[in-house]
Amino acid sequence: MAHAKIAKAKDSKGEELSLRNRIEILERKLATAEKQITQYHRIIYVQGRLIKTKDGQISNHEFERLRGIADVIETRDVYTKGHSERVTKYAVMMGRVLGLSEQEIKLLHKAAHLHDIGKLYWDSGHFTVTKPNIEWIKRFREHPIEGEIFLKTQKIPENICRMVRYHHERFDGISIINNPTHKYPGYPGEISGEEIPLESRIIAVADSFDAMTTNRPYKKKMPARVAFEELKRCAALDYDEEAIPDKKAEMQFDPRVVEAFISIRRAGSMHSEMSHRVGCPYLMRADSLNLIVNPEGYIPCRNCRNI
Ligand SMILES: [Fe+2]
């Protein structure tokens, strides 16, 4: 078990490592991994091997490189480990229900994987804030535009850049521009309704569902059943008012997309996608980094503690 590896962590003289030492080792490994990805990226770029297909898709080679960068971002954030992977799975399932062509599904798959790549520019401390303040929120809301900017520097097709830019817009158009005091405004606040690419509307629903059903440093996760009621409420569909008390129906999400997600759940297709949540996300990280220490220096997971 990974927790046994921690218990045995010793320095070259055989003395047990302190928690601080272990965190420093973890930070060094993350820095090395990031450097390697950056170097890899530079080598490919300099050699001019960026290959785009003629139909506006990214080549598999190029996508894998960018996915590597997205994965590194998640290693900096223990709370969102596997987030992009899950969002991609949910998004692709919805895309199929909504009748997207295979070509469109391929684009959706890539955009979903890269949707949060703008977080590349965050300092490590930004991932572990437990009480977000105004500055933190302001910085958080820059990531869709930063993601688009980054992807453009990589010469990624315009359609994918656009899907990333608009994955936090609201269907009803409430935004940081026209309603900055709203608790959950859309951003960057440039478009609404069907002007928002369908792929971005799909990613928005998948993203919110995953955010609601996983723990974050600043909030506890909610059961999937309640998260679905919340999605329905936020798409002005019939919902269980007792499950979500003191809130009114709104139109944050495209109802057609939420209905597609609900139909997948009804069909039972989500079971296999969600069952991996029972496992421990820290173990995945521990496997690759040989350490399981969260930023606060304790191991919160039942599996890691083997209880
Ligand atoms: Fe995002």
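Residues numbered from 1 in each chain as written. Predicted model: local features only at pLDDT ≥ 70, side-chain atom pairs only at ≥ 80, totals over all residues.

K.L.:
Could you give an account of the overall build of the protein chain, with specific residues and numbers?
P.N.:
Secondary structure summary: the protein chain contains 13 helices and zero strands in total. Listed by position from the N terminus, the elements making up the protein chain come as α-α-α-α-α-α-α-α-α-α-α-α-α. Put simply, the protein chain has 307 residues, and 30% of those count as buried. Here the analysis covers contacts within the protein chain between residues at least 6 apart in sequence; of these, 61% occur between residues at least 24 apart. (Helix = DSSP H or I, 4+ residues; strand = E, 2+ residues; numbered from the N terminus. Buried ≥ 20, exposed ≤ 12 C-beta atoms within 10 Å, placed from the backbone. Contact = placed C-beta atoms within 7 Å.)

K.L.:
Before we move on, can you summarise helix H7 (residues 143-153) with the specific residues and values?
P.N.:
Of the positions making up H7, those classed as buried are His143, Pro144, Gly147, Glu148, Phe150 and Leu151. Taken down its axis, H7 places every buried residue within 165° of arc, on the same side. Positive backbone phi, at 60°, marks Lys155, one or two positions downstream of H7. (Arc of directions from axis to C-beta.)

K.L.:
Account for the environment of Asp172, naming residues and giving values.
P.N.:
By the element assignment, Asp172 lies in the loop between helix H8 (158-165) and helix H9 (198-212). Given 18 C-beta atoms within a 10 Å radius, Asp172 is considered partly exposed. Residues Asp172 and Phe253 lie 81 residues apart in sequence; the distance between their C-alpha atoms is 7.6 Å. If sequence neighbours within four positions are ignored, Asp172 has contacts with Ser192, Glu250, Met251 and Gln252.

K.L.:
Explain the nonpolar core to me, and be specific about the residues and the numbers.
P.N.:
Ranked by size, the top nonpolar core spans 38 residues in total, and within it Met94, Val205 and Ala206 carry the most contacts. Mapped by element, the contributors of at least two residues to this core are helix H3 (60-75), helix H4 (83-97), helix H5 (102-114), H7, H8, H9, helix H10 (224-233) and helix H11 (255-266). The element contributing the most residues to this core is H9, with six residues. When near neighbours in sequence (up to four residues on either side) are disregarded, Met94 contacts Ile202, Val205, Ala206, Val257, Ala260, Phe261 and Ile264. (Core = buried A, V, L, I, M, F, W, Y, C linked by C-beta atoms within 7 Å.)

K.L.:
Account for unusual backbone geometry, with residues named and values stated.
P.N.:
Residue Tyr187 is joined to Pro188 through a cis peptide bond whose omega torsion reads 5°. Along the polypeptide, Pro188 turns up in the loop between H8 and H9. Its identity as a non-glycine residue notwithstanding, Lys155 has a phi of 60°, on the positive side. Looking at the secondary structure, you find Lys155 in the loop between H7 and H8.

K.L.:
Account for the packing of H9 against H10, naming residues and giving values.
P.N.:
Running from amino to carboxyl end, H9 crosses H10 at an angle of 140°, the nearest separation of the two axes being 9 Å. Relative to H10, the element H9 lies oblique. When the axes of H9 and H10 are compared, the crossing they make is right-handed. Counting all contacts with H9, which are made through Val205, Ser208, Phe209 and Met212, the residues of H10 involved are Ala227, Glu230 and Leu231. (Axes fitted to C-alpha atoms, helices over the stretch in contact; angles between N-to-C directions. Parallel < 35°, antiparallel > 145°, perpendicular 65-115°, else oblique. Left-handed = near helix turned anticlockwise from the far one by under 90°.)

K.L.:
Help me get a handle on H9, residues and values and all.
P.N.:
Between its first and last C-alpha, H9 extends 21 Å over 15 residues, near the 21 Å set by a 1.5 Å rise per residue. Among the 15 residues that make up H9, 12 are buried, leaving the element largely enclosed by the rest of the structure. Glu199, Ser200, Arg201, Ile202, Ile203, Ala204, Val205, Ala206, Asp207, Ser208, Phe209 and Asp210 are the residues of H9 that are buried. In this structure, the buried residues of H9 make contact with H4, H5, H8, H10 and H11. (Expected span 1.5 Å × (residues − 1).)

K.L.:
Before we move on, can you summarise the confidence of the model for the protein chain with the specific residues and values?
P.N.:
Where the model shows low pLDDT, its predicted coordinates should not be examined in detail. Residues with a pLDDT of 70 or more make up 68% of the protein chain, whose mean pLDDT is 76. Here helix H13 (residues 281-289) stands out as the element of the protein chain with the lowest mean pLDDT, 35, in contrast to H9, whose mean of 96 is the highest. In this model residues 271-307 is a low-confidence stretch, pLDDT under 50, and it forms 57 contacts with partners more than four residues away in sequence or in other chains. (pLDDT = per-residue confidence, 0-100.)

K.L.:
How would you explain the packing of H4 against H11 if you had to name every residue and give the values?
P.N.:
The N-to-C vectors of H4 and H11 enclose an angle of 105°; their axes lie 9 Å apart at closest approach. Classified by the angle their axes make, H4 and H11 are roughly perpendicular. The segment H4 lies against H11, with Met93, Met94 and Val97 engaging Val257, Ala260, Phe261, Ser263 and Ile264. When the residues that make up the contact of H4 with H11 are grouped by side-chain class, the tally is seven nonpolar, one polar and no charged. (Nonpolar A, V, L, I, M, F, W, Y, C, P; charged D, E, K, R; others polar.)

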